[in-house]
Amino acid sequence: MTSPDVAAPADWSARADEAARSVTRMFGQRLFFLPGTHIAAIERPSGRLKNLVRPWHYWWQAHYVDCLVDAGRRELARGARFDGGSHPSAGQLASRLVTGIRLRNFLTVVNNYYDDMAWLALSTLRLEKLAEATRKPGSRRHARIRKSLTLQFDSASTDDLGGGTFWSTKRDFKNTPATAPVALYYARTGNTAKAQALVDWLGAKLFDPAHGMYQDGLRIGSNGEVVLEAAIYTYNQGPVLGALLELGGQPNLERAAGLVDAVARHLTRSATLASGRTAAVLRGDGTGDGGLFTGILARYLALAAVDGRLSRHTRATAAALVIETAQALWEGRRAVDRAEPLARHGAQWVFSVFPESPAGQAYPAGAAVELSTQLQAWMVLEAAATVGDPAHGEPHSN
């Protein structure tokens, strides 16, 4: 475990750059060696051909786009590329990644899971706004993606079970993982009536007043019975929070404030930082898909932390959750030895799966490292950069 100078003010933007360089160098590659493409390997160390036969994690790549957009916004703010002037900008990599996703997904952005598509829709929407800010609008491709995916969301957001969005094309499960990011997408693209209807459905059907958070979903059984999946996951709370903030208005903002407080009460663990101080950090949810969960929640907590419509208490609570989690992940990172295969492209750091545990425990030298967990750490550090310097963030569009 490294021991940074905890007395000095943290430069979260620089730390986010470190994570960006490690993840892009460790996992990034061309798709099928094709120029103009980018894709992330799912696990390292592993060869290009082995990665092509692994399961296709569409939504991990969508969050990779989001992370690159974060880095691109910071590049724009300071006028320097995250990986130096000789390497592509974050925005260029993100654009190549969208190309890679489409090619790898058999020449389409449509798949069988509406939550996957919602994450890509949100990230490409942010990428388009980044392109506009850099005066390099990306054009018709993003508009085509949005049109295609919006049609998917419209078809999945039905009156069955009183509203909500189906999770997959099997159409037997309406849940928070699909409904919340679709609601956020609708809110960000001006369809506030549909967004509000989805948020209201979540509040009516899946909100757990005992915990103040949102449960997983409603499943339709083979004989038509409806079964509540009552699990509460970290990442489900994130896009609900994002949609509430994007929609605005007093009822939504009050719900957002309550959700931030509930997360602080129920989804944290205790971590001992290098200073000896004990801090509450966001709960980790393991590897695989769960390796992204905490990062997604941190992304939207960062938006709450800098939203002046919320109370000082709520903003401070959200900011502390993000900063303390980022600090724990940063202090717990493991240096990659030059002799390790992970270092072949210059990656310097491996981050832990769980913020309260050092990376060397989860990923000792020689262990295979999953993309999801490293994207998560990068997301948390980007969230901390937003909180530490709100100019790098994105204001709500109301």
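Here, the structure is the one placed above.
Residues numbered from 1 in each chain as written. Predicted model: local features only at pLDDT ≥ 70, side-chain atom pairs only at ≥ 80, totals over all residues. Heavy atoms only, no water.

This brings us to the overall build of the chain. Across its full length, the chain holds 14 helices and 13 strands. Taken over the C-alpha trace, the chain has a radius of gyration of 20 Å; the compact-globule value for 398 residues is 21 Å, and the two agree within 12%. C-alpha atoms of the chain, sized along the principal axes, occupy 55 × 50 × 45 Å. Residue burial in the chain is summarised as follows: out of 398 residues, 56% are buried. The long-range fraction of contacts in the chain, counting pairs at least 24 apart against all pairs at least 6 apart in sequence, stands at 66%. For the chain, the exposed area adds up to about 15700 Å²; of that, 53% sits on carbon and sulfur atoms. Counting 44 positive and 37 negative side-chain charges, the chain places the centres of these two groups 7 Å from one another. (Helix = DSSP H or I, 4+ residues; strand = E, 2+ residues; numbered from the N terminus. Rg over C-alpha atoms; globule rule 2.2 N^0.38 Å. Buried < 20%, exposed > 50% of the residue type's maximum accessible area, 1.4 Å probe, protein only. Contact = heavy atoms within 4.5 Å. Areas by Shrake-Rupley, 256 points an atom, 1.4 Å probe, with all protein chains shown as cover. Lys, Arg positive; Asp, Glu negative; His and termini not counted. Charge placed at Lys NZ, Arg CZ, Asp CG, Glu CD.)

Turning to the pattern of salt bridges, a few remarks are in order. Inspection of the entire model under this criterion finds 19 salt bridges. Asp17 serves as the salt-bridge partner of Arg78, at 2.7 Å between the closest nitrogen and oxygen. Placement of the pair is Arg78 in helix α3 (residues 58–78) and Asp17 in helix α1 (residues 12–27), with a sequence separation of 61 residues. Judged by its relative accessible area of 36%, Arg78 is partly exposed. It is possible to trace a salt-bridge network through shared partners that takes in Asp17, Arg74, Arg78 and Glu382. (Salt bridge = Lys/Arg side-chain N within 4 Å of Asp/Glu carboxyl O.)

Core analysis: the largest hydrophobic core is formed by 116 residues, its most contacted members being Phe153, Leu241, Leu301 and Trp378. When residues of this core are assigned to their parent elements, the largest contribution, eleven residues, is made by helix α14 (residues 371–388). Leave out the neighbours within four places in its chain, and Trp378 touches Ala16, Ala19, Ala20, Val23, Thr24, Tyr64, Cys67, Leu68 and Ala71. Membership of the second largest hydrophobic core comes to five residues, among which are Ala271, Leu273, Val281 and Ala328. (Core = buried A, V, L, I, M, F, W, Y, C linked by side-chain atoms within 4.5 Å.)

With that settled, consider the environment of Pro45. Structurally, Pro45 can be placed in the loop between β3 (43–44) and α2 (48–52). For the pair Pro45 and Ala368, spaced 323 residues apart in sequence, the C-alpha to C-alpha distance is 5.9 Å. With residues up to four places along the chain from it excluded, the contact list for Pro45 reads Pro341, Leu342, Ala367 and Ala368.

Here we come to the pairing of strand β9 (residues 268–272). Walk down a regular strand and you will see the side chains alternate between the two sheet faces. Taken together, the five bridges between β9 and strand β10 (residues 278–282) define a ladder with antiparallel strand orientation. Considered in β10, the bridge of Ala271 is made with Ala279. (Pairing = 2+ DSSP bridges.)

What follows covers the pairing of strand β8 (residues 226–229). Note that strand β7 (residues 217–220) and β8 share four bridges and pair antiparallel. Bridge assignment links Gly217 to a residue of β8, and that residue is Glu229. Between β7 and β8, which follow one another and run antiparallel, lie five residues, and Gly224 among them has a positive phi close to 95 degrees.

Relative to each other, α3 and helix α11 (residues 293–305) sit at 40 degrees, their axes nearing to 12 Å. One way to sum up the angle between α3 and α11 is to call them oblique. Regarding α3 and α11, the two cross each other, and that crossing is left-handed. Facing α3, whose interface residues are Trp59, His63, Asp66, Cys67 and Asp70, α11 presents Phe293, Ile296 and Arg299. Residues that form the contact of α3 with α11 fall into these classes: four nonpolar, one polar and three charged. (Axes fitted to C-alpha atoms, helices over the stretch in contact; angles between N-to-C directions. Parallel < 35°, antiparallel > 145°, perpendicular 65-115°, else oblique. Left-handed = near helix turned anticlockwise from the far one by under 90°. Nonpolar A, V, L, I, M, F, W, Y, C, P; charged D, E, K, R; others polar.)

A cis geometry characterises the amide bond from Arg44 onward to Pro45, with omega recorded as 0 degrees. With a phi angle near 60 degrees, Phe106 is a residue other than glycine that sits in the positive phi range. With a phi angle near 65 degrees, Leu107 is a residue other than glycine that sits in the positive phi range. Within the secondary structure, Leu107 is located in the loop between α4 (90–104) and α5 (114–133). We classify Leu107 as exposed; its relative accessible area is 54%.

With that settled, consider helix α8 (residues 192–205). Here α8 contains 14 residues, and its C-alpha end-to-end distance of 20 Å stays within 8% of the 20 Å for a straight helix at 1.5 Å per residue. Every buried residue of α8 is accounted for by Ala195, Leu198, Val199, Trp201 and Leu202. All buried residues of α8 fall inside an arc of 155 degrees around its axis, so they share one side. Residues Ala193 and Ala204 are exposed on α8 and point more than 90 degrees away from its buried face. (Expected span 1.5 Å × (residues − 1). Arc of directions from axis to C-beta.)

The strand order across the open sheet built from three strands is β4-β7-β8, with neighbouring strands paired in antiparallel fashion. Each having just a single partner strand, β4 (173–175) and β8 make up the two edges of the open sheet. Averaged over neighbouring strand pairs, the angle between their axes works out to 20 degrees when direction is ignored.

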